[in-house]
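Okay, here's what each chain looks like letter by letter:
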Protein chains: 2
Amino acid sequence: MKKTVARLADGRQLIYYDTTDGGKSRARPADSRQLSALTVGSELRFDPLVDEWVAIAAHRQDRTHLPDAAECPLCPSRDGALTEIPASDYEVVVFDNRFPSLSADVGELASAGEELVPRQPGIGHCEIVCFTSDHDSSFAQLTPARARTVLEAWADRTIELGLQPGIEQVVPFENRGVEIGVTLQHPHGQIYALPFAAPRTRRMLESARSYRRRTWRNLFADVLATERKAGTRIVAENEFWTAFVPAAARWPVEVHVYPHRQVPDLPALSEAERDAFCHIYLDLLRRLDRLYDTPLPYVAAWQQAMVNIDRDLSYLRLELFSIRRAEDKLKYLAAMESAMGVFLNDVRPEDVAQRLRDLGD
Amino acid sequence: MKKTVARLADGRQLIYYDTTDGGKSRARPADSRQLSALTVGSELRFDPLVDEWVAIAAHRQDRTHLPDAAECPLCPSRDGALTEIPASDYEVVVFDNRFPSLSADVGELASAGEELVPRQPGIGHCEIVCFTSDHDSSFAQLTPARARTVLEAWADRTIELGLQPGIEQVVPFENRGVEIGVTLQHPHGQIYALPFAAPRTRRMLESARSYRRRTWRNLFADVLATERKAGTRIVAENEFWTAFVPAAARWPVEVHVYPHRQVPDLPALSEAERDAFCHIYLDLLRRLDRLYDTPLPYVAAWQQAMVNIDRDLSYLRLELFSIRRAEDKLKYLAAMESAMGVFLNDVRPEDVAQRLRDLGD
């Protein structure tokens with residue numbers, strides 16, 4: 001894999017990731033746009049009722065919203081249409097979001113807040129990952145080799161971002177579909193580097209810690225073993241990975257992808273595990289897109305170990321879910337889920353697993 | 001307040017709540033529909049990764065979805081159009097949801113599940129609360145007297161449902177607007193009686209317990225005192241209640257309404273507190289509907305004490321929030337919020353509080 005680091009006109013970093021055997025030492029023109037300097041006013045505020053940080057990022061209200069394909073900022077630059085990517089073609093590109101929720105360049109706090117609800121500068125990193133230069137493609141349509149390049153980019157950024165000051169967790173993810181609020185249609189994902197443990201990660205680590213104290217075993221490994229033994233919720237598997245619908249799925253479509261070996265994060269995966277992931281994940285995504293007449297909107301996120309703590313407890317895995325509960329119906333998070341944290345799922349996990357098993361090539 | 005208990009054709013309970021001075025001893029005809037018996041297959045499954053129960057209710061997939069006004073099941077019955085409410089008019093009605101996520105009549109478990117992910121029958125109660133017989137009205141348009149009748153119904157059901165076997169928490173709430181998935185447009189709310197502490201409630205009680213251990217004080221009371229002292233996020237207040245945008249608001253519009261006196265639940269409110277709530281809440285809802293050209297979609301939920309435990313720690317309050325972040329834009333919960341639990345809010349709490357202060361009568 002070849003990695004080429006560049007800078008955009010406003011100083012943001014952009015990295016081209018290319019397959020080493022592609023031999024495409026393309027010209028990488030400089031970004032010739034006139035871009036005003038970024039103003040990032042993010043701050044973190046502490047909610048003492050639930051013991052969590054919330055990011056307030058008022059400057060994001062005016063971010064680019066569903067532009068026409070001709071104005072897509074993630075397509076390669078063409079004459080007369082300069083985009084976020086200066087090159088005329090690319091394989092995989094990772095660059096700093098111009099409208100980040102968190103930033104290393106965040107300004108001073110306007111106020112420290114009240115004692116019970118303190119504030120901190122919204123430090124962190126928000127990166128965009130373009131999977132392909134083809135505006136009309138999708139992750140599911142990538143070749144295994146291209147998916148592997150994306151995975152290499154995720155792993156590389158996990159290492160690099162984990163070394164940045166104050167970063168505690170690196171989260172590569174993809175939001176796909178206007179139904180979940182995607183504002184750019186070009187196939188892309190994102191990477192967030194957080195200055196704290198994500199609340200859901202923290203809760204899972206607490207469960208894993210309690211479980212290890214009681215059993216001397218790893219909770220995630222035992223969940224995987226339980227699913228492999230039950231079999232009724234497995235969607236796909238190969239030598240290194242298993243994809244299953246969790247027994248207590250919160251979403252009408254939800255699939256978790258676990259490696260068979262406990263590793264803390266993406267950089268710890270072996271070559272064989274990386275290749276095998278690409279195959280099971282592309283297989284899974286293609287099954288998901290066959291569920292309905294139109295492609296499935298979904299959220300996919302890597303649960304990786306924290307940078308500094310609890311790495312021995314952690315177990316890398318990908319969690320994917322969709323809010324679509326029928327061809328023409330979405331699952332909405334209303335009072336029970338959003339106000340109370342109680343999830344109501346109208347679809348039996350065993351039923352959706354069976355459907356997905358039946359949708360193989 | 002006059003309370004009249006009836007039964008629907010399939011055995012579900014329906015209660016009419018009327019103002020005592022209304023003198024409307026209306027005829028309450030029996031439900032003459034032919035309704036098949038309910039089949040409720042809800043089950044609860046335990047997610048060991050986050051230590052929470054999830055409700056799986058597959059029978060709900062075919063529930064009534066956005067019927068025409070002429071077929072609204074929450075309007076009074078008319079000749080040739082029999083609805084869920086047999087009477088030809090009503091003030092406030094509470095009845096069992098025909099498509100409940102949880103039910104006292106839930107069947108036996110088909111399987112006990114695996115040891116790590118056990119299951120329980122989905123016991124509980126899901127009730128519908130109709131605020132008015134006027135299909136085109138809204139809570140914001142109720143008179144204070146009618147709002148008071150709704151509050152009396154909430155308080156009455158909190159007592160009654162709390163006495164039912166296995167119930168640990170009673171949650172009156174309103175989901176308003178198709179944008180958050182409301183399937184019936186008629187002005188109504190719901191009441192859920194849960195067989196466990198809602199995860200968000202449990203986390204807040206843990207925070208309150210830890211805070212009391214450290215300070216000998218009540219966390220919620222101190223949050224309210226902090227907001228009243230800061231003043232910058234207060235939307236409205238009267239002698240008994242304060243409505244404010246929380247300092248670490250998760251949503252583009254979020255307002256919490258606290259009584260000035262620590263009480264565990266709605267039945268514990270005094271007469272004066274009940275009247276004063278109706279006034280501040282109607283004022284708040286009318287401000288919210290003035291934010292944009294169309295009525296604000298929102299979720300409003302009562303955070304009440306658990307039935308049996310931690311009542312001394314608890315502090316009744318109402319939490320309201322909206323996913324609308326601009327006239328034509330919604331806040332979506334994507335990977336950061338839904339997969340990681342990290343909330344990103346594009347609106348400064350002080351700014352939305354100022355806007356709402358400026359939108360008074």
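Cut-offs and rules
Sequence positions are assigned chain by chain, starting from 1 and proceeding in written order. Each chain is given a letter, starting from A, and each ligand a number, starting from 1, according to the order in which they appear as written. Only residues with pLDDT of at least 70 are given local features in this predicted model, and only at 80 or more are side-chain atom pairs given and counted; all residues enter the totals for whole chains, interfaces and linings. The contact rule is simple: place each C-beta atom from the backbone, and if two of them lie within 7 Å, those residues are in contact. Numbering of helices and strands runs from the N terminus, with a helix taken as a DSSP run of H or I at least four residues long and a strand as a DSSP run of E at least two residues long. Each residue receives one of three labels: charged for Asp, Glu, Lys and Arg, nonpolar for Ala, Val, Leu, Ile, Met, Phe, Trp, Tyr, Cys and Pro, and polar for the others, Gly being one of them. When DSSP finds at least two bridges between two strands, those strands are taken to pair. These domain boundaries are the output of an automatic or database domain assignment. For helices, the axis comes from a line fit to the C-alpha atoms of the stretch in contact; other axes are also lines fit to C-alpha atoms, and the angle between any two N-to-C directions lies between 0 and 180 degrees. In this scheme the crossing of two helices becomes right-handed for a clockwise turn of the near helix relative to the far one and left-handed for an anticlockwise turn of less than a right angle. Here the copies were fitted onto each other by least squares, based on C-alpha atoms from residues at pLDDT of at least 70 in both. Any residue surrounded by 20 or more other C-beta atoms within 10 Å of its C-beta is treated as buried, while 12 or fewer makes it exposed and the intermediate range makes it partly exposed; C-beta atoms here are placed from the backbone. A set of buried Ala, Val, Leu, Ile, Met, Phe, Trp, Tyr and Cys residues, joined to one another through C-beta atoms within 7 Å, is what we call a nonpolar core. Multiply 1.5 Å by the residue count of a helix minus one, and that product is the helix's expected span. The arc refers to the directions leading from the helix axis to the C-beta atoms.

### Quick notes on the interface of chain A and chain B
In this assembly, 63 residues from chain A lie in contact with 62 residues from chain B. For the side of chain A that touches chain B, the element with the highest residue contribution is helix H2 (residues 199–215) of chain A, accounting for six residues. Residue composition of the side of chain A that touches chain B, by class: 39 nonpolar, 11 polar and 13 charged. Of the pairings in the sheet, the one linking strand E17 (residues 343–345) of chain A to strand E4 (residues 52–56) of chain B comprises three bridges and is parallel in character. Following the sheet pairing, A:Phe343 is matched in E4(B) by B:Val54.

### Section: the domain arrangement of chain A
Residues and elements named next belong to chain A. Looking at the assigned domains, one finds that chain A contains domain 1 (2–196) and domain 2 (200–357). Centre-to-centre separation of domain 1 and domain 2, based on C-alpha positions: 24 Å. Contacts between the two partners involve 26 residues from domain 1 and, on the opposite side, 28 residues from domain 2. Mapped onto the side of domain 1 that touches domain 2, the elements with two or more residues apiece are helix H1 (144–162) and strand E8 (169–176). Looking at which element gives the most residues to the side of domain 1 that touches domain 2, the answer is H1, with nine residues. Here the side of domain 1 that touches domain 2 is composed, by residue class, of 15 nonpolar, six polar and five charged.

### Quick word on the packing of H1(A) against helix H4 (residues 271–289) of chain A
All names here are of chain A. Direction vectors running N to C along H1 and H4 enclose 115°, while the axes themselves pass 9 Å from each other. The hand of the H1/H4 crossing is right-handed. Only Arg 274, Asp 275, Phe 277, Cys 278, His 279, Tyr 281 and Leu 282 of H4 make contact with H1, whose side of the interface consists of Pro 144, Ala 147, Arg 148 and Leu 151. When the residues that make up the contact of H1 with H4 are grouped by side-chain class, the tally is seven nonpolar, one polar and three charged.

### Quick look at the sheet that holds strand E17 (residues 343–345) of chain B
Hydrogen bonds between backbone groups are what pair the strands of a sheet, and the pairing can be parallel or antiparallel. With mixed pairing, four strands are arranged side by side in an open sheet as E6(A)-E3(A)-E4(A)-E17(B). Either end of the sheet is taken by a strand with one partner, and the two such strands are strand E6 (119–121) of chain A together with E17 of chain B. On average, each strand axis in the sheet is tilted by 30° relative to the strand beside it, whichever way the strands run. Bridging between strand E3 (residues 43–47) of chain A and strand E4 (residues 52–56) of chain A involves five bridges; their strand directions are antiparallel. Bridge pairing in E4(A) places A:Arg45 opposite A:Val54.

### Focus on the relation of the copies chain A and chain B
Mapping chain A onto chain B leaves a residual RMSD of 0.0 Å; the transformation is a rotation of 180° accompanied by 0.0 Å of translation along its axis. When the rotation and shift are considered jointly, the pair of chain copies conforms to a two-fold rotation axis. Judged by C-alpha distance, A:Leu333 is the residue of chain A that lies nearest the rotation axis, at 4.3 Å. A shared interface surface links the copies, since 98% of the contact residues of chain A are contact residues in chain B too.

### Here we look at the environment of A:Thr232
Residues and elements named next belong to chain A. Locating Thr 232 in the fold gives a position in the loop between helix H3 (219–230) and strand E10 (234–237). Put simply, Thr 232 and Asp 351 are 119 residues apart on the chain and 9.0 Å apart in space, counted from C-alpha to C-alpha. Not counting chain neighbours up to four residues away, the residues in contact with Thr 232 comprise Glu 350 and Ala 353.

### Side note on unusual backbone geometry
Residue and element names in this part refer to chain A. Positive phi outside glycine occurs at Trp 216, with the angle close to 65°. Structurally, the position occupied by Trp 216 is in the loop between H2 and H3. Judged by local crowding, Trp 216 falls into the exposed class, with 7 C-beta atoms found within 10 Å.

### Regarding the nonpolar core
Of all hydrophobic cores here, the largest spans 217 residues; its most connected members are A:Val171, A:Leu284, A:Val299, B:Val171, B:Leu284 and B:Val299. If we ignore the near neighbours within four places in the chain, the residues touching B:Val171 are A:Met340, B:Ile191, B:Tyr192, B:Leu194, B:Ala198, B:Ala301, B:Trp302 and B:Gln304.

### So, the sheet that holds strand E3 (residues 43–47) of chain B
As summarised here, the arrangement of the four strands in space is E17(A)-E4(B)-E3(B)-E6(B), forming an open sheet in which the pairing is mixed. Of all the strands in the sheet, just E17 of chain A together with strand E6 (119–121) of chain B have a single pairing partner and so form its edges. When strand polarity is set aside, the average angle formed by the axes of neighbouring strands in this sheet is 30°.

### Some details on H4(A)
Here H4(A) is 19 residues long and its end C-alpha atoms lie 28 Å apart, about the 27 Å a rise of 1.5 Å per residue gives. Turning to H4(A), its buried residues number three or more, namely A:Phe277, A:Cys278, A:Ile280, A:Tyr281, A:Leu284, A:Leu285, A:Arg287 and A:Leu288.

### Points about helix H6 (residues 349–357) of chain A
Working note: α-helix, 3.6 residues per turn, so residues spaced by three or four point in the same direction. Residue and element names in this part refer to chain A. Considered for burial, the residues of H6 that qualify are Pro 349, Val 352, Ala 353 and Leu 356. Looking straight down H6, one finds its buried side chains confined to an arc of 105°; they lie on one side. The secondary structure elements touched by the buried residues of H6 are E10, strand E11 (241–244), strand E12 (253–259) and H4.

### A word on the pairing of strand E7 (residues 125–130) of chain A
Residue and element names in this part refer to chain A. In terms of residue burial, E7 counts as a mostly covered element, since six of its six residues are buried. The alternating pattern of E7 places His 125, Glu 127 and Val 129 on one face and Cys 126, Ile 128 and Cys 130 on the opposite face, and all of these are buried. As paired elements, strand E5 (residues 92–96) and E7 share four bridges and run antiparallel to each other. Residue pairing in the sheet places Val 93 in a bridge with Cys 130 of E7. Sheet topology note: the E7/strand E9 (residues 188–194) ladder contains six bridges and is antiparallel. Across the sheet, His 125 pairs through a bridge with Ala 193, a residue of E9.

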